[in-house]
Amino acid sequence: MTKTSKIYFQELDTKTKNDLKEFKRTLRLLPIEKRNVLVDYIIKERDCGPLHIHKRMLSSLTKVVSFQKI
């Protein structure tokens, strides 16, 4: 964690800190390749803001897959 991110983290409220810790624990369950893809996506989209990134990630993770009869 960089010095700037440590300062930012200290300024967050308790609920947000806990949410971030939980998110970090969840991400660590992913294989390293998947984490790298996720980090690359966040870096690419960071100018759009956290709400946009959250919406796109959530949409990607929960999109409905249609099954067709074979």
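Residues numbered from 1 in each chain as written. Predicted model: local features only at pLDDT ≥ 70, side-chain atom pairs only at ≥ 80, totals over all residues. Heavy atoms only, no water.

Peer 1: Describe in detail the overall build of the chain, supporting the description with residues and values.
Peer 2: Within the chain one finds four helices and zero strands. For the chain, the residues scored as buried account for 10% of the 70 residues in total. (Helix = DSSP H or I, 4+ residues; strand = E, 2+ residues; numbered from the N terminus. Buried < 20%, exposed > 50% of the residue type's maximum accessible area, 1.4 Å probe, protein only.)

Peer 1: Let's hear about the pattern of salt bridges: which residues, and what values?
Peer 2: For the structure shown, the criterion picks out three salt bridges. Among the salt bridges present, the one from E22 reaches R25, with a minimum N-O distance of 2.9 Å. Pair noted here: E22 and R25 are both in helix α2 (residues 14-27), with a separation of three residues, about one helical turn. Judged by relative accessible area, E22 falls into the partly exposed class, the value being 43%. Judged by relative accessible area, R25 falls into the partly exposed class, the value being 49%. One salt bridge connects K44 with E45, and the closest N-O pair in it is separated by 4.0 Å. Accessibility expressed as a relative area gives 64% for K44, which makes it exposed. Given a relative accessible area of 12%, E45 falls into the buried group. (Salt bridge = Lys/Arg side-chain N within 4 Å of Asp/Glu carboxyl O.)

Peer 1: Kindly report on the confidence of the model for the chain, identifying the contributing residues and their values.
Peer 2: Taken over all residues, the pLDDT of the chain has a mean of 77, while the share at 70 or more is 74%. Within the chain, no element has a lower average pLDDT than helix α1 (residues 3-11), which sits at 69, and none a higher one than helix α3 (residues 32-45), at 85. (pLDDT = per-residue confidence, 0-100.)

Peer 1: Before we move on, can you summarise the side chain of E45 with the specific residues and values?
Peer 2: Turning to its location among the elements, E45 is positioned in helix α3. Residues within four places of E45 in sequence aside, it is in contact with H52 and I53. (Contact = heavy atoms within 4.5 Å.)

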